[in-house]
Amino acid sequence: EAGVTQFPSHSVIEKGQTVTLRCDPISGHDNLYWYRRVMGKEIKFLLHFVKESKQDESGMPNNRFLAERTGGTYSTLKVQPAELEDSGVYFCASRADSSYEQYFGPGTRLTVT
Amino acid sequence: LAKITQPISMDSYEGQEVNITCSHNNIATNDYITWYQQFPSQGPRFIIQGYKTKVTNEVASLFIPADRKSSTLSLPRVSLSDTAVYYCLVVPKAAGNKLTFGGGTRVLVKP
């Protein structure tokens, strides 16, 4: 069974540019989560999708961040415009309804210069 | 949210048992206790979850006393590859399984 995949693995952009991160969850997992770890801090929850609907987006830092999950399969997280403090590692995780276990992807390391 | 306290770091040697105790004094009735493991440059990986008493799987055991104010993750006979950060999390059942990570415990297994 393929795990959670994220693309790209690493992105370097300049302040003010736009970046789109992609997450492909495990097939059949209705729940999809985004988390991030900014430099020196703890991993923080961003939002939770159930299928294509946003169940909880309480962790989204501001309106420069837009997450989508059209069709309830893969998800994208767009940062526009990127700021220096957005640098960090962005993790995606998916979970089946029948389990509490979240399967994490390897993360996307975003560097904003 | 329950406040989590766990050791910042622990050292051990190959073949030893490692026990990491986590304090969560204000855990709520419907909260579960979950542990994740994270290696460098990887996402966290689920280890074990429990509500009370003892849970064991092929990787670890989780001991939870009756008052549930603490829990202990036990890793039997660790190897060098068990060097990682171990996170204790308290997960509200009704909150969509949203995970709130703390600083974790950095375990270093020495030869």
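Predicted, not measured: the structure shown is a model, and the values here were computed from it. The residue numbering used here restarts from 1 in each chain and proceeds along that chain's sequence as written. To label them, take the chains in the order written and letter them from A, then take the ligands in the order written and number them from 1. With pLDDT at 70 or above as the cut-off, local features in this predicted model cover only qualifying residues; side-chain atom pairs require 80 or more to be listed or tallied, and sums for whole chains, interfaces and linings still use all residues. As a convention, hydrogens and water are excluded, and side-chain values are obtained from all of the structure's heavy atoms.

**A closer look at the sheet that holds strand β7 (residues 65-68) of chain A**
To summarise the sheet geometry, strands pair through backbone hydrogen bonds and adopt either a parallel or an antiparallel arrangement.
All names here are of chain A.
Logical step 1: If you walk across this open sheet you meet the four strands as β1-β3-β8-β7, and the pairing is antiparallel. This sheet does not close on itself; its edge strands, each paired only once, are β1 (5-7) and β7. Shown here is a sheet whose adjacent strand axes are inclined to one another by a mean of 15°, direction ignored. Here, strands pair whenever DSSP counts at least two bridges between them. Numbered from the N terminus, helices here are DSSP runs of H or I no shorter than four residues, and strands are runs of E no shorter than two. Note on definitions: angles span 0 to 180 degrees between N-to-C directions of axes, and those axes are lines fitted to C-alpha atoms, for helices only across the stretch in contact.

**As for the confidence of the model for chain B**
Any residue range with low pLDDT should be treated as having predicted coordinates unsuitable for detailed reading.
Logical step 1: Within chain B, residue pLDDT values average 94, and 97% of them lie at 70 or more.
Logical step 2: For chain B, per-element mean pLDDT is lowest for strand β5 (residues 53-56) of chain B, which scores 93, and highest for strand β9 (residues 105-110) of chain B, which scores 98. Per-residue confidence from the predictor is reported as pLDDT, a score between 0 and 100.

**Some remarks on the packing of aromatic side chains**
Logical step 1: Here is the rule: rings of Phe, Tyr and Trp (six-membered ring for Trp) pair when centre to centre is within 6.5 Å. Planes less than 30 degrees apart are stacked, more than 60 are edge-to-face, and the remainder are tilted. Per the counting criterion, the structure on display carries 13 aromatic pairs over all chains.
Logical step 2: Ring geometry for A:Y35 versus B:F101: centroids 6.0 Å apart, planes at 85°, classification edge-to-face. Here B:F101 lies in the loop between β8 (84-92) and β9 and A:Y35 lies in strand β4 (residues 31-38), a pairing that spans two chains.
Logical step 3: Burial status follows relative accessibility: with a 1.4 Å probe on protein chains alone, a residue under 20% of its type maximum counts as buried, one over 50% as exposed, and anything between as partly exposed. The exposure class of A:Y35 is buried, given its relative accessible area of 0%.
Logical step 4: By relative accessible area, which is 2% here, B:F101 ends up buried.
Logical step 5: In textbook terms, an aromatic cluster arises when at least three aromatic residues are bridged by ring pairs, as seen for A:Y33, A:Y35, A:F45, A:F91, A:F104, B:Y36, B:F46, B:Y87 and B:F101.
Logical step 6: Above the face of the A:Y74 ring, A:R22 is positioned so that its terminal group lies 3.8 Å from the ring centre.
Logical step 7: Definition used: whenever NZ (Lys) or CZ (Arg) falls within 6 Å of the ring centre and also within 35 degrees of the ring normal, the charge is taken to sit over that ring. Across the ring face of B:Y51, the terminal group of B:R68 is positioned such that the distance to the ring centre comes to 4.0 Å.

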